[in-house]
Amino acid sequence: METKIEEKLEHKEDVTQHQEPASKKRRIDDDTSSETKKVEDKVETEQKHTEHAAASTESSKIYQGSCHCKAVKIEASLDLSKTGLCNCSICYKQNRYSCSASPASSFTVLQGEEQLGVYSFGKVAKHNFCKVCGIGLFSKGNVPEMGGEFVSINVHCLDDVDLSGKSVAVLDGKNDTW
């Protein structure tokens with residue numbers, strides 16, 4: 001990834017060395033700066049996810065939970081210190097705090113799979129909710145920048161979990177900069 005940044009920076013130097021009219025040069029610089037910034041942001045995000053994946057999973061614990069009417073029950077191995085508040089359009093409207101089960105195989109629907117409805121939009125995730133009470137319990141998706149397949153559990157659906165006083169990461173799903 002560092003090679004890509006270096007290539008972008010070299011490209012920027014090559015572009016700015018040409019004698020172009022000032023307005024055209026500024027537009028090229030702006031476009032190149034924007035591209036360089038995107039690459040640098042992506043490298044930073046990938047480094048964060050690598051650090052996140054390398055972090056100890058000793059703090060993971062098995063949690064169980066359900067929707068409001070208890071028609072659907074779930075279980076997952078989670079490290080709640082990695083809980084996030086996503087600002088994508090659906091999570092924002094639901095004020096959804098989520099924690100990803102990693103690997104995705106550490107998540108199970110214990111009861112009521114036939115009661116699950118799925119709401120999909122965009123390309124990132126399929127949002128699963130109880131068809132009886134309407135509560136969104138979890139989402140499944142695949143985001144390579146986040147490590148691939150994931151199951152994101154609505155922390156508010158877990159039994160005996162209190163997020164009061166815990167620090168929570170803000171995830172920028174609105175701009176797809178995970």
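Residues numbered from 1 in each chain as written. Predicted model: local features only at pLDDT ≥ 70, side-chain atom pairs only at ≥ 80, totals over all residues. Heavy atoms only, no water.

Undergrad: Hey, could you run me through the overall build of the chain in this one?
TA: When you go through the chain residue by residue, the secondary structure sums to three helices and ten strands. Each helix and strand of the chain, placed in order from N terminus to C terminus, yields the pattern α-α-β-β-β-α-β-β-β-β-β-β-β. The burial tally for the chain puts 31% of its 178 residues in the buried class. Relative to all contacts within the chain whose residues are 6 or more apart in sequence, the contacts with residues 24 or more apart total 54%. For the chain, the accessible surface area stands at approximately 11,400 Å², while carbon and sulfur atoms represent 47% of it. (Helix = DSSP H or I, 4+ residues; strand = E, 2+ residues; numbered from the N terminus. Buried < 20%, exposed > 50% of the residue type's maximum accessible area, 1.4 Å probe, protein only. Contact = heavy atoms within 4.5 Å. Areas by Shrake-Rupley, 256 points an atom, 1.4 Å probe, with all protein chains shown as cover.)

Undergrad: Which parts of the structure should I look at to understand the pairing of strand E6 (residues 116–121)?
TA: Consecutive residues of a regular strand have side chains that alternate between opposite faces of the sheet. The sheet contact formed by E6 and strand E7 (residues 125–130) spans six bridges and is antiparallel. Residue pairing for E7: serine 120 is matched across the bridge by lysine 126. The hairpin formed by E6 and E7 contains three residues between the paired strands, and glycine 122 there has a positive phi angle of roughly 65°. (Pairing = 2+ DSSP bridges.)

Undergrad: How do you make sense of the pattern of salt bridges when you look at a structure like this?
TA: Two side chains of opposite charge can pair, provided their charged atoms sit close to one another. The tally for this structure, following the rule as stated, stands at one salt bridge. For the salt bridge of lysine 82 with aspartate 79, the shortest nitrogen-to-oxygen distance reads 3.2 Å. Take lysine 82: its relative accessible area is 26%, and that puts it in the partly exposed class. Overall, the relative accessible area of 8% leaves aspartate 79 in the buried class. (Salt bridge = Lys/Arg side-chain N within 4 Å of Asp/Glu carboxyl O.)

Undergrad: Hey, could you run me through the pairing of strand E1 (residues 61–66) in this one?
TA: One ladder, built from six bridges, connects E1 with strand E2 (residues 73–78); its direction is antiparallel. If you follow glycine 65 over to E2, its bridge partner there is isoleucine 74. Joining the antiparallel neighbours E1 and E2 is a turn of six residues, in which lysine 70 adopts a positive phi near 70°.

Undergrad: I would appreciate a short explanation of the packing of aromatic side chains in the present structure.
TA: Geometrically, a pair of aromatic rings is defined through the distance of the ring centres and the angle of the planes. Scanning the model with the defined rule gives one aromatic pair in all. Taking 4.6 Å as the distance between ring centres and 55° as the angle between the ring planes, the aromatic pair formed by phenylalanine 107 and phenylalanine 138 counts as tilted. Residue phenylalanine 107 is found in strand E5 (residues 107–111), and its partner phenylalanine 138 is found in strand E8 (residues 136–143); the two are separated by 31 residues along the sequence. With respect to burial, phenylalanine 107 and phenylalanine 138 carry one shared label: buried. (Phe/Tyr/Trp six-rings, centres within 6.5 Å; stacked < 30°, edge-to-face > 60°.)

Undergrad: So what exactly am I meant to see when it comes to the nonpolar core here?
TA: Within soluble globular proteins, side chains that are nonpolar generally end up buried alongside one another. Formed by 22 residues in total, the largest nonpolar core has its most connected members in Leu78, Phe107, Leu137, Phe138 and Ile153. For this core, the secondary structure elements donating two or more residues are E2, strand E4 (97–101), E5, E8 and strand E9 (148–154). Element by element, the count of residues in this core is highest for E2, at three residues. (Core = buried A, V, L, I, M, F, W, Y, C linked by side-chain atoms within 4.5 Å.)

Undergrad: Just to check I follow, could you spell out the environment of glycine 147 for this structure?
TA: With respect to the element layout, glycine 147 can be found in the loop between E8 and E9. The exposure class assigned to glycine 147 is exposed, which follows from its relative accessible area of 65%. The spatial distance from the C-alpha of glycine 147 to the C-alpha of proline 103 is 9.4 Å, given a sequence separation of 44 residues.

Undergrad: Whenever I open this one, the sheet that holds E7 confuses me. Can you help?
TA: Strand pairing in a sheet relies on backbone hydrogen bonds. The paired strands run either parallel or antiparallel. Ordered in space as E6-E7-E8-E9-E4-E3-E10, the seven strands form an open sheet in which the pairing is mixed. Each having just a single partner strand, E6 and strand E10 (169–171) make up the two edges of the open sheet. The sheet shows a mean angle of 35° between the axes of neighbouring strands, direction not considered. Of the strand pairs in this sheet, E7 and E8 are connected by five bridges, and their pairing is antiparallel. Note on E8: the bridge partner recorded for phenylalanine 129 is glycine 136. (Axes fitted to C-alpha atoms, helices over the stretch in contact; angles between N-to-C directions.)

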